[in-house]
Amino acid sequence: MRNVLVIGGSGFIGSNLIRKLNQKGESVTSFDLHHTDYPVEGVKYMSGDFFDDENLERALDGIDAVYHCLSTVNPGNSNIRFMQGYARDFVQSVHLFDLCIKRGIKVIFLSSGGTIYGIQNEQPIREDAECKPINHYGSVKLCIESVMRTFNTQTHSNMLIARISNPYGPGQDFHKGVGFVDAAVKKTLSHEPIEIWGDGTVIRDYIYIDDVVEMLYALLDYNGEQEVFNVSSNEGISLNQVIECLRKLGYTPKVQYKDSRSVDVPAVVLDNEKIRMVYTGPLTSFQEGLAKYTDYLQHNGWEKSQDQE
Ligand SMILES: NC(=O)c1ccc[n+]([C@@H]2O[C@H](COP(=O)([O-])OP(=O)(O)OC[C@H]3O[C@@H](n4cnc5c(N)ncnc54)[C@H](O)[C@@H]3O)[C@@H](O)[C@H]2O)c1
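So, a few notes on the structure that sits alongside this text. (Residues numbered from 1 in each chain as written. Predicted model: local features only at pLDDT ≥ 70, side-chain atom pairs only at ≥ 80, totals over all residues. Heavy atoms only, no water.)

As for the environment of L17
With respect to the helices and strands, the residue L17 is situated in helix α1 (residues 12–23). Considered as a pair, L17 and V213 are 196 residues apart in the sequence and their alpha carbons are 5.2 Å apart. Apart from residues lying up to four places away in sequence, L17 is in contact with V6, Y67, C69, V213 and L216. (Helix = DSSP H or I, 4+ residues; strand = E, 2+ residues; numbered from the N terminus. Contact = heavy atoms within 4.5 Å.)

Right under this line is the structure:
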């Protein structure tokens, strides 16, 4: 059993990861500004601010491994709030890595495969493709990754980078600025129109959250030479195909097409060969994941709670 700290443990990915780590028998501490609405039995919850050095140092006491699952900017707002990304997220991440190296703590950083590569002709995109982010969110991630690589070279630490594609599933909230599948499913269930920027041909690599956390968990035991892993399904699905898959499940989504946005890369499909050497378990197909997520929302009263608002 290892003592694992999840920074951003009340968030979408963090909360799912905590559940997985707990199931696998790890001793888990969640560190977040906010309390979770769904605490997991056996998990220790610490409220604290990542940007408060004392809080952060206290959270690291007795810890063997850290998952860094926190970003205060997202692809939609980072072109306005870019200084927050560079001055706060970037600087404090460097501080975290330094603390972890000095204490011999393993680090797994959640980067963004969906934005860090930018526009690429060759798909699926391999980890060794040149990164050309088209928004500051991706650029902040690239800066953080770059420091990790420098630390790894200088100190022989083995910090790992997980470039996640487009996760979806329980715990997501598209109001935070990302999550087309989440928006499409929830709007369909509440009979609202789904907004699509552009003609719906934009392609993404959607991955069910259970698969993401299985892959992230597998990285905890990884001690090889690799630093960077795409965490992805390796399958490209267009926005229009998402709508089609909802129809196949028997729903009647309504769609409103709007002008395309400059923050959207036309196609991102991430090669997952590397992570599949580390995580060899089954993956959820998109149609299956969508069915699981719609079932989950309906069984958890999501539709009902919306109707009551
Ligand atoms: N969701 C995605 O589509 C996606 C894709 C690729 C990578 N990522 C990355 O994965 C990580 C987690 O993403 P997510 O979607 O779970 O985000 P999220 O916004 O759902 O969760 C982030 C959590 O961090 C917490 N937090 C924010 N500021 C804090 C602070 N100062 N101190 C302590 N806690 C603080 C929030 O309360 C929240 O619970 C992020 O680094 C994100 O960039 C997310």
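The structure having been displayed, the exposition proceeds.
Comments concerning the site of the ligand
Contacts to the ligand come from 24 residues, most closely from I13, D32, D49, Y137 and K176. Between an oxygen atom of the ligand and a main-chain N or O atom of G11, the distance comes to 3.0 Å. At 3.4 Å, a backbone N or O of L70 approaches an oxygen atom of the ligand. For the ligand, the protein covers 88% of the area, taking 820 Å² as the surface of the free molecule. Contributions of two or more residues to the shell around the ligand are made by α1, β5 (106–112) and α5 (136–155). Among the residues forming the shell around the ligand, the class breakdown is 12 nonpolar, eight polar and four charged. (Near = heavy atom within 4 Å. Polar contact = N/O pair within 3.5 Å; in protein donor to acceptor, adjacent residues only side chain to side chain. Areas by Shrake-Rupley, 256 points an atom, 1.4 Å probe, with all protein chains shown as cover. Nonpolar A, V, L, I, M, F, W, Y, C, P; charged D, E, K, R; others polar.)

What about the pairing of strand β2 (residues 27–32)?
Extensive coverage of β2 is indicated by the burial of five of its six residues. Sheet topology places strand β1 (residues 3–7) next to β2; five bridges connect them, and they run parallel. Bridging from a neighbouring strand, N3 pairs with S27 of β2. As defined by bridge partners, β2 adjoins strand β3 (residues 44–47) across four bridges and the pair is classed as parallel. Paired with S30 across the two strands is Y45, which belongs to β3. (Buried < 20%, exposed > 50% of the residue type's maximum accessible area, 1.4 Å probe, protein only. Pairing = 2+ DSSP bridges.)

Things to note about helix α7 (residues 209–220)
For α7, built from 12 residues, the straight-helix expectation of 16 Å at 1.5 Å per residue is met to within 8% by its first-to-last C-alpha distance of 17 Å. For α7, a buried count of 11 out of 12 residues is recorded, marking the element as mostly surrounded by other parts of the structure. When α7 is considered as a whole, its buried residues turn out to be I209, D211, V212, V213, E214, M215, L216, Y217, A218, L219 and L220. (Expected span 1.5 Å × (residues − 1).)

Looking at the pattern of salt bridges
All chains considered together, the criterion is met by 13 salt bridges. R163 is the salt-bridge partner of E145, the closest N and O atoms lying 2.6 Å from each other. A residue pair is termed long-range when its members are at least 10 positions apart, and E145 in helix α5 and R163 in strand β6 (residues 160–164) qualify at 18 residues. One connected set of salt bridges, linked through shared partners, spans R2, E26 and D221. (Salt bridge = Lys/Arg side-chain N within 4 Å of Asp/Glu carboxyl O.)

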